[in-house]
Amino acid sequence: MSSIKSKMKKFEIISGWGLYPRVKVNKKKPKTLKEIRTAISSNSFIARGNGRSYGDSAINKFNTIDMRNFNRFLSFNEKSGLVIAQSGVLLEDILNTFIPKGWFPPVTPGTKYVTLGGMVAADIHGKNHYKFGTFRQYVEWLEIIDHKGRIIKCSREENKELFFWTIGGMGLTGIILNVAFFLKPIKTAWINQRKLVAKNIIQTFDLFESNIKSTYSVAWIDCYSKGPSLGRSVLMLGEHTEIEQLRDSNKFNPFKIQKKKKFSIPFFLPPFFLSNLSVKIFNSLYFLISKISTRKKIVDWETYFYPLDKILNWNKIYGSRGFAQFQCVIPLSFSREGITELLDFISNSKSSSFLAVLKRFGKDKSYFSFPMEGYSLALDFPINKENLSLMNSLEEIAIKYGGRFYLAKDSRMKKKVFENSDTRIKKFKSFRRNNLNKYYRSCQSERLEI
């Protein structure tokens, strides 16, 4: 009886950040290389970081390897900004360690609670893709543990194929152990933020294009607006602040910001909290406040880049059933038409998206990363029958305009949809046929048959 209980203790229920799907898994959390090698000695496996991918991309039912114990910085070059760190290091630790030294990631996602390994596996992008690309451009080399427990170093010159398929490969080429990547120098920890209010989606696109020289840009979209107001938005531009632009009180310590109090959602909120009416009221108030508030101000880096991080467990807002994100990118030549049709379809549905974000992507030629030149739309929907059906329809619209989807945010896409959206899948499958598809497997890779 005791032996049965000890075996049962290995299993736990885990999910991605969207809390959907929830999967019963055998999870291991090794502390040493020897323990990693023991953990991967049988069955297939997938590495997992901080669980911030939205769906099941970092979940293997039989062997999920939690890498958060591998969280040390190994070296830093103060002249070039090259950091060498283990894959379990959090972006939060990178920011807290290097911003006071005058360094910042060239590319950052919308949360600082991701691991370095996750940033590589998803080849994360930020609010500045059209100028600085994805994280891939700043990775010097990687060290990967293969299914035999060997450590393989790869870069643009050494084991090139493994290097480029790993970045954006969602952990399906091996366990990322160490990463060498570059930071960029900054003069202060502050951002010059400028808000521009657009009365509809046409004006939103015009504002993006007329401000293409801005370092950072992202737009919040009101998905409930219709007719002449369809796609009304608030575009937030950003530039790193110079010392002379700061208040006198901040000039003496330009990298110090006031520590913020964080709020936490202690329990799952009831469904009515994100009803169509409540979201519609919120959107109207936010748009109104943005119209009358100060358009230009200096904000700290946390406020500009990670606004949702000040609310811990914000995923519980969507209720106990969780939520799913629909994120696509539409090629530039079809962006206006495609994004407009997506927004029109949503505004005429009975569904509500509490979060809707539009970003401009630049040119990007990668092996398997998400971005391409065009516009990316991200939408969050509570899990229910109507919303799942809606997202199926949104996928059809996106594919019609040549769009593709972000695997780091996917939790429910079907194999046929994925294959119709991305021709690169054939080359990735071909690369994985050399034993990789036997050993490196996630619930997502099995669902999509990658």
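Nothing here was measured: the structure is a model prediction, and the numbers come from that model. (Residues numbered from 1 in each chain as written. Predicted model: local features only at pLDDT ≥ 70, side-chain atom pairs only at ≥ 80, totals over all residues. Heavy atoms only, no water.)

One pass over the full model with this rule turns up 23 salt bridges. For the salt bridge of Asp 66 with Lys 27, the shortest nitrogen-to-oxygen distance reads 3.7 Å. Within this pair, whereas Asp 66 is found in strand 4 (residues 64–66), its partner Lys 27 is found in strand 2 (residues 23–28), the two being separated by 39 residues in sequence. The exposure classification of Asp 66 matches that of Lys 27, with both residues buried. Across the pair Lys 112 and Asp 309 runs a salt bridge, and its minimum N-O distance is 3.8 Å. Placement of the pair is Lys 112 in the loop between strand 7 (103–104) and helix 4 (116–121) and Asp 309 in the loop between helix 10 (301–305) and strand 17 (311–312), with a sequence separation of 197 residues. Looking at Lys 112, the relative accessible area reads 3%, which means it is buried. Among the ionic contacts, a cluster of salt bridges with common partners joins Glu 12, Lys 27, Asp 66 and Arg 68. (Salt bridge = Lys/Arg side-chain N within 4 Å of Asp/Glu carboxyl O. Helix = DSSP H or I, 4+ residues; strand = E, 2+ residues; numbered from the N terminus. Buried < 20%, exposed > 50% of the residue type's maximum accessible area, 1.4 Å probe, protein only.)

What follows concerns helix 11 (residues 335–347). Three- or four-residue spacings in an α-helix give side chains the same orientation, since the helix completes a turn every 3.6 residues. Given a rise of 1.5 Å per residue, 13 residues ought to cover 18 Å, and the 18 Å separating the end C-alpha atoms of helix 11 matches this to within 8%. Those residues of helix 11 lying buried are Ser 335, Gly 338, Ile 339, Leu 342, Leu 343, Ile 346 and Ser 347. Looking straight down helix 11, one finds its buried side chains confined to an arc of 165°; they lie on one side. Looking at the buried positions of helix 11, the neighbouring elements they touch are helix 7 (201–210), strand 13 (216–221), strand 18 (323–331), strand 19 (356–361), strand 20 (374–382) and helix 12 (385–400). (Expected span 1.5 Å × (residues − 1). Arc of directions from axis to C-beta. Contact = heavy atoms within 4.5 Å.)

On to the packing of helix 11 against helix 12. Orientation of helix 11 relative to helix 12, taken along the N-to-C sense of each, is 165°, at an axis distance of 9 Å. Considering their axes alone, helix 11 and helix 12 lie roughly antiparallel with respect to each other. Judged by the twist between their axes, the crossing of helix 11 over helix 12 is right-handed. Between helix 11 and helix 12, the contacting residues are Gly 338, Glu 341, Leu 342, Phe 345 and Ile 346 on the first element and Leu 390, Ser 393, Leu 394, Ile 397, Ala 398 and Lys 400 on the second. Across the contact of helix 11 with helix 12, the residue classes tally to seven nonpolar, two polar and two charged. (Axes fitted to C-alpha atoms, helices over the stretch in contact; angles between N-to-C directions. Parallel < 35°, antiparallel > 145°, perpendicular 65-115°, else oblique. Left-handed = near helix turned anticlockwise from the far one by under 90°. Nonpolar A, V, L, I, M, F, W, Y, C, P; charged D, E, K, R; others polar.)

Judged by nonpolar contacts, the single largest core of 103 residues is most densely connected at Phe 104, Leu 142, Trp 301, Phe 326, Ile 339, Leu 358 and Leu 379. Contacts of Trp 301, omitting those with residues within four sequence positions, involve Leu 95, Asn 96, Ile 99, Phe 104, Lys 112, Ala 189, Ile 191, Ile 257 and Tyr 306. The next biggest cluster of nonpolar side chains, apart from the first, holds twelve residues, and it includes Ile 65, Phe 70, Leu 177 and Tyr 440. (Core = buried A, V, L, I, M, F, W, Y, C linked by side-chain atoms within 4.5 Å.)

Taking burial as the measure, the five residues of strand 6 (residues 82–86) include five buried ones, the bulk of the element. Side-chain alternation along strand 6 places Leu 82, Ile 84 and Gln 86 on one buried face and Val 83 and Ala 85 on a second face that is also buried. Direction of pairing for strand 5 (residues 73–76) relative to strand 6: antiparallel, over a ladder of three bridges. Bridged to Phe 73 within strand 6 is Ala 85. (Pairing = 2+ DSSP bridges.)

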